[in-house]
2 protein chains.
Amino acid sequence: MSDRILDFLRRRKSDGPCVVVDLDIVRENYAAFAGALPDTSVFYAAKANPAPEILNLLAELGSSFDCASVGEIEMVLATGADASRISYGNTIKKERDIARAYALGVRLFAVDSVEEVEKIARAAAGARVFCRVLCDGVGAEWPLSRKFGCEPAMASDVLEHAHRLGLEAYGVSFHVGSQQANLGAWDLALAMAADVFGEMSRRGIELKMVNMGGGFPTRYLKDVPGVPSYGEAIFQSLTRHFGNRLPATIIEPGRGMVGNAGVIEAEVVLISRKSAEDPIRWVYLDIGKFHGLAETMDEAIRYPIRTPKDGDQTAPCVLAGPTCDSVDVLYEKTPYELPLSLAIGDKVLIEACGAYTTTYSTVGFNGFAPLASHVI
Amino acid sequence: MSDRILDFLRRRKSDGPCVVVDLDIVRENYAAFAGALPDTSVFYAAKANPAPEILNLLAELGSSFDCASVGEIEMVLATGADASRISYGNTIKKERDIARAYALGVRLFAVDSVEEVEKIARAAAGARVFCRVLCDGVGAEWPLSRKFGCEPAMASDVLEHAHRLGLEAYGVSFHVGSQQANLGAWDLALAMAADVFGEMSRRGIELKMVNMGGGFPTRYLKDVPGVPSYGEAIFQSLTRHFGNRLPATIIEPGRGMVGNAGVIEAEVVLISRKSAEDPIRWVYLDIGKFHGLAETMDEAIRYPIRTPKDGDQTAPCVLAGPTCDSVDVLYEKTPYELPLSLAIGDKVLIEACGAYTTTYSTVGFNGFAPLASHVI
């Protein structure tokens, strides 16, 4: 929690919940990633928070960008960054979107199937492609589904197909799962990447790049390893599996780059009980699942919350959002400890909200405006 | 699926996924609710789809409105409807929002706690309040959490408190759960409502109104009872529990009013497999959980999907959205049967998408625009 954010909130005139992102923290995070893996290119995952001020800062610092759509590509180009710093990292693209990205100068594309390779061969002749490989995600707070990536055995066929169609079979990518606290996860994935390199080499095609994806955690309630620990573990694994022929490498931090840079200020709308004997209070905020806190889904992410009554005696409560929607409950299975003295009208600060909040907000469910955002 | 919608889609020039809502079907649905329960006031739950054309039509037809926020109240007032036709049905309201609603002419408010009653007594002197009572929701496809409502025993205390503070203790409300196919659910809830009326009468306060909420289903893949069956069952229960002193009654259809009036047109972006031996295809659409199909969460709602290849041999597939987010998968636990001949670039029609699609859409996650909406 930075003093700059607290200052901003003290002075702001506007009403309603908002997120405030401190660019100084983003700058520190970028430096940490760049320093921990000096030979690796940082591609910021724009989807985590594509606020223009954040993209501008990262462009200025020298970051590259992982984009999920033509919309995101256009946002990045608006910073003045060259298209050579963009990876179109979505494995699911319309052929006409590939063509638009190519026309905008993008030359690096993700694939995980021969069907996608064929679209790229038609719409982006000669471009570089990397194949995403399935990875089991053990240790991640949000293990990924099998939505992205293919089995390693198929990856070689996909890349060979790309080569045959005149594309540059450039490398492989994986994603170890979001908020990954297990340093060993990258080692398993890199072993698998090295296997694909070996198989491709046997087929006469030399891959050059490993995209190690995202998954770098931000600190919520539990401590997580620091970026230097990740850097060291990853470098050791790279050396172990690739020897002295290290490939070019990419990382795609999103949450790790901006998560801890943002704070949401919200207001307590109601505190009540369901019956006279109810041991648990219900605390309703003016923000919930539909206006920024979607990642509380299944109570996956447990945000640290500060109140003006911190230090007073606490008791468990169910925490919920303001909409007329029964799924708009943040923490119920594991109630949240909050001060008994917390009162209606109190402002609370929800920490580590810089990533996956503004973009997950609905357009205005229940007539409440989307999450307001201030980048300072 | 109406011919008007198919005609519109055939002629539209714009690109990308969209929902098209046919006002003729909304008109029919309103007539069905009004006809099935002629002595009951229909309060359309604006949150289901607050498109101005829908609100205008319903205002013209004589509907009243259930609003979740000042934002929705303003949308309804923009139709020209009088504030006397509005219920501020959210039990979680900021005191300054209550004051704004009161200033706009709203005089009917939902509560489920003494804390909320006190806000209303301060900000909306003399207004009518109804107390929402917890209801177990057995038989609903989406049983509600305990987020809204209080135990019946507490409801009487809440209403008595309102009376004591100069508000009109007007009645009770309940919600049997969304997409409720069990006609008996209303009977249990009405029995409970009658108990509260009896208890209040013993305390010298005569309640006048029962708000029977929403929950009326729309047809997805399974057949559901028609509106007349609901009307008949509810009328019988009212008579059974209230005898010849029937209270004023309100229903709040949302999904039941607009669900079957809307169709989403989407495009197949990619069809692929995870390995050469994978028995299941992955079919990726250009719309998913973050741009309109949020109600596929936990695969709760299974939308009917039409393809240009219907009639051809089918096989199961996993259906997913276009974003770089692993939770953006629509049907995986129970794969969806789609034609084997379905191809990349085919357009599919997702039926019964008139409710809870546009408003659940994110502001632009992954750089994809929010769901486009056309009301015809």
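Residues numbered from 1 in each chain as written. Chains lettered and ligands numbered in written order. Predicted model: local features only at pLDDT ≥ 70, side-chain atom pairs only at ≥ 80, totals over all residues. Heavy atoms only, no water.

## Details of the overall build of chain A
Now for step 1: Counting its regular elements, chain A contains ten helices and 18 strands.
Now for step 2: Over its C-alpha trace chain A gives a radius of gyration of 22 Å, about what one expects of a compact globule, namely 21 Å for 376 residues.
Now for step 3: Across its three principal directions, the C-alpha atoms of chain A cover 75 × 40 × 35 Å.
Now for step 4: A total of 376 residues make up chain A; the buried ones form 61% of that total.
Now for step 5: At a minimum sequence separation of 6, the contacts of chain A that also span at least 24 residues come to 70%.
Now for step 6: Total accessible area on chain A stands at roughly 13,500 Å², and carbon and sulfur atoms take up 51% of it.
Now for step 7: For chain A, the distance from the average site of its 37 positive side-chain charges to the average site of its 48 negative ones is 2 Å. (Helix = DSSP H or I, 4+ residues; strand = E, 2+ residues; numbered from the N terminus. Rg over C-alpha atoms; globule rule 2.2 N^0.38 Å. Buried < 20%, exposed > 50% of the residue type's maximum accessible area, 1.4 Å probe, protein only. Contact = heavy atoms within 4.5 Å. Areas by Shrake-Rupley, 256 points an atom, 1.4 Å probe, with all protein chains shown as cover. Lys, Arg positive; Asp, Glu negative; His and termini not counted. Charge placed at Lys NZ, Arg CZ, Asp CG, Glu CD.)

## Side note on helix H4 (residues 70-77) of chain A
Now for step 1: For H4 of chain A, the complete set of buried residues consists of Val70, Gly71, Glu72, Ile73 and Val76 of chain A.
Now for step 2: Of the surrounding elements, those touching the buried residues of H4 of chain A are helix H3 (52-61), strand S3 (64-67), strand S4 (86-88) and helix H5 (95-103) of chain A.

## Some details on the relation of the copies chain A and chain B
Now for step 1: In the superposition of chain A on chain B (RMSD 0.0 Å, axial shift 0.0 Å), the rotation amounts to 180 degrees. What the superposition gives is, in effect, a two-fold axis relating one chain to the other. The C-alpha atom lying nearest the rotation axis in chain A is that of threonine 362 of chain A; the distance is 1.9 Å.
Now for step 2: When the interface residues of chain A are mapped onto chain B, 100% of them again lie at the interface, so the same face is used by both copies. (Least-squares fit on C-alpha atoms with pLDDT ≥ 70 in both.)

## Things to note about the domain arrangement of chain A
Residues and elements named next belong to chain A.
Now for step 1: Assigned domains within chain A: domain 1 (23-258) and domain 2 (260-375).
Now for step 2: A straight line from the C-alpha centre of domain 1 to that of domain 2 covers 33 Å.
Now for step 3: Contacts between the two partners involve 19 residues from domain 1, matched on the other side by 19 residues from domain 2.
Now for step 4: Interface area for domain 1 against domain 2, summed over the two sides, is near 1,700 Å², with a carbon-plus-sulfur share of 59%. (Domains from an automatic or database assignment. Buried area = accessible area lost by both parts, 1.4 Å probe.)

## Regarding the pairing of strand S6 (residues 128-132) of chain B
Moving residue by residue along a regular strand, the side chains alternate between the two faces of the sheet.
Residue and element names in this part refer to chain B.
Now for step 1: Counting buried residues along S6, four of its five residues qualify, which places the element largely inside the surrounding structure.
Now for step 2: Note that strand S5 (residues 108-111) and S6 share four bridges and pair parallel. Residue pairing in the sheet places leucine 108 in a bridge with arginine 128 of S6.
Now for step 3: Bridge analysis of S6 against strand S8 (residues 168-173) gives five bridges, and the strand direction is parallel. Across the sheet, phenylalanine 130 pairs through a bridge with glycine 171, a residue of S8. (Pairing = 2+ DSSP bridges.)

## Here's the deal with the interface of chain A and chain B
Now for step 1: Opposite the 71 residues of chain A that make contact, chain B presents 71 residues.
Now for step 2: In total, chain A and chain B occlude about 5,400 Å² of area from one another, counting both sides; carbon and sulfur atoms represent 62% of this.
Now for step 3: By the criterion of area lost to chain B, the three top residues of chain A are Lys147, Lys274 and Cys324 of chain A, representing 13% of everything that side buries.
Now for step 4: Here chain A and chain B share twelve salt bridges between them.
Now for step 5: Arginine 96 of chain B is the salt-bridge partner of aspartate 15 of chain A, the closest N and O atoms lying 2.7 Å from each other.
Now for step 6: Linking chain A with chain B are 34 residue pairs in polar contact (both at pLDDT 80 or more).
Now for step 7: Listing elements by their share of the side of chain A that touches chain B, those giving two or more residues are H4, helix H6 (114-123), strand S12 (262-272), strand S13 (281-285) and strand S16 (329-339) of chain A.
Now for step 8: The element best represented in the side of chain A that touches chain B is S12 of chain A, accounting for five residues.
Now for step 9: Class assignment of the residues belonging to the side of chain A that touches chain B gives a composition of 30 nonpolar, 21 polar and 20 charged. (Salt bridge = Lys/Arg side-chain N within 4 Å of Asp/Glu carboxyl O. Polar contact = N/O pair within 3.5 Å; in protein donor to acceptor, adjacent residues only side chain to side chain. Nonpolar A, V, L, I, M, F, W, Y, C, P; charged D, E, K, R; others polar.)

## Topic: the environment of lysine 93 of chain A
Now for step 1: Its location among the elements puts lysine 93 of chain A in the loop between S4 and H5.
Now for step 2: Sequence separation of lysine 93 of chain A and glutamate 118 of chain A is 25 residues, and the distance between their C-alpha atoms is 12 Å.
Now for step 3: Apart from residues lying up to four places away in sequence, lysine 93 of chain A is in contact with Tyr88, Ile98, Phe109, Ala110, Glu116, Lys119 and Ile120 of chain A together with Val269 of chain B.
Now for step 4: In this structure the side chain of lysine 93 of chain A is engaged in a polar contact, spanning 2.6 Å, whose partner is the backbone oxygen of asparagine 90 of chain A.

## Side note on the pattern of salt bridges
When their charged atoms lie close together, side chains carrying opposite charge are able to pair.
Residue and element names in this part refer to chain A.
Now for step 1: Tallied over the full model, the rule gives 58 salt bridges over all chains.
Now for step 2: The partner of lysine 47 in a salt bridge is aspartate 66, with the nearest N and O atoms 3.6 Å apart. One end of the pair, lysine 47, is in the loop between strand S2 (40-45) and H3; the other, aspartate 66, is in strand S3, and 19 residues separate them in sequence.
Now for step 3: Residue class for aspartate 66 comes out buried when judged on its relative accessible area of 5%.
Now for step 4: Salt bridges here are not isolated pairs; linked through shared partners, they connect Asp157, Glu160, Arg164, Glu199, Arg202 and Arg203.

## Brief notes about unusual backbone geometry
Negative phi values dominate among residues other than glycine, just as trans dominates among peptide bonds.
Residues and elements named next belong to chain A.
Now for step 1: Positive phi, normally seen in glycine, also occurs at glutamate 299, with a value near 55 degrees.
Now for step 2: Topologically, glutamate 299 is positioned in the loop between S13 and strand S14 (305-306).
Now for step 3: For glutamate 299, a relative accessible area of 17% corresponds to the buried category.
Now for step 4: Positive phi values are uncommon outside glycine, yet asparagine 366 reaches one of about 70 degrees.
Now for step 5: Mapping asparagine 366 onto the fold places it in the loop between strand S17 (347-350) and strand S18 (372-375).
Now for step 6: Residue classification places asparagine 366 among the buried residues on the basis of a relative accessible area of 0%.

## A word on helix H6 (residues 114-123) of chain B
One turn of an α-helix holds 3.6 residues; hence residues three or four places apart share an orientation.
Now for step 1: Restricting attention to buried positions, one finds in H6 of chain B the residues Glu116, Val117, Lys119, Ile120, Ala121 and Ala123 of chain B.
Now for step 2: Against the buried residues of H6 of chain B lie S12 of chain A together with helix H5 (95-103), S5, S6 and helix H7 (152-164) of chain B.

## Notes on the pairing of strand S2 (residues 40-45) of chain B
Residues and elements named next belong to chain B.
Now for step 1: Counting buried positions along S2 gives five out of six residues, so the element sits mostly inside the fold.
Now for step 2: Bridge analysis of S2 against strand S11 (residues 248-251) gives three bridges, and the strand direction is parallel. Residue pairing across strands places threonine 40 opposite threonine 249, the latter belonging to S11.
Now for step 3: Of the crossover connections in this fold, the one passing from S2 over helix H3 (residues 52-61) to the parallel strand S3 (residues 64-67) is right-handed. (Right-handed = clockwise from strand over helix to strand, strands pointing away.)

## Quick word on the environment of valine 268 of chain A
Residue and element names in this part refer to chain A.
Now for step 1: Tracing the backbone through its elements, the reader meets valine 268 in strand S12.
Now for step 2: Between the C-alpha atoms of valine 268 and glycine 321, which are 53 residues apart in sequence, the distance is 9.6 Å.
Now for step 3: Not counting residues within four places of it along the chain, the set of residues in contact with valine 268 comprises Val283, Tyr284, Leu285, Leu342, Ala343, Ile344, Gly345, Asp346 and Val348.

## A few points about the packing of H7 of chain B against helix H8 (residues 184-202) of chain B
Residue and element names in this part refer to chain B.
Now for step 1: Their axes nearest at 10 Å, the elements H7 and H8 cross at an angle of 45 degrees. On the basis of the axis angle, H7 is oblique to H8. The handedness of the crossing between H7 and H8 comes out as right-handed. Residue-level inspection shows Pro152, Ser156, Leu159 and Glu160 of H7 in contact with H8, the latter providing Met192, Val196, Glu199 and Met200. (Axes fitted to C-alpha atoms, helices over the stretch in contact; angles between N-to-C directions. Parallel < 35°, antiparallel > 145°, perpendicular 65-115°, else oblique. Left-handed = near helix turned anticlockwise from the far one by under 90°.)

## Side note on the side chain of serine 2 of chain B
Residues and elements named next belong to chain B.
Now for step 1: The topology assignment puts serine 2 in the segment before helix H1 (3-11).
Now for step 2: Assessed through its relative accessible area of 14%, serine 2 is described here as buried.
Now for step 3: Other than its neighbours up to four places away in sequence, serine 2 contacts Asp22 and Ile25.

## Quick look at the packing of H6 of chain B against H7 of chain B
Residues and elements named next belong to chain B.
Now for step 1: Put simply, H6 and H7 touch, their axes get as near as 9 Å, and they point 20 degrees apart. Relative to H7, H6 is oriented roughly parallel. The chirality of how H6 crosses H7 is right-handed. Contact residues: Val114, Val117 and Glu118 in H6; Val158, His161 and Ala162 in H7.
Now for step 2: Residue composition of the contact of H6 with H7, by class: four nonpolar, one polar and one charged.

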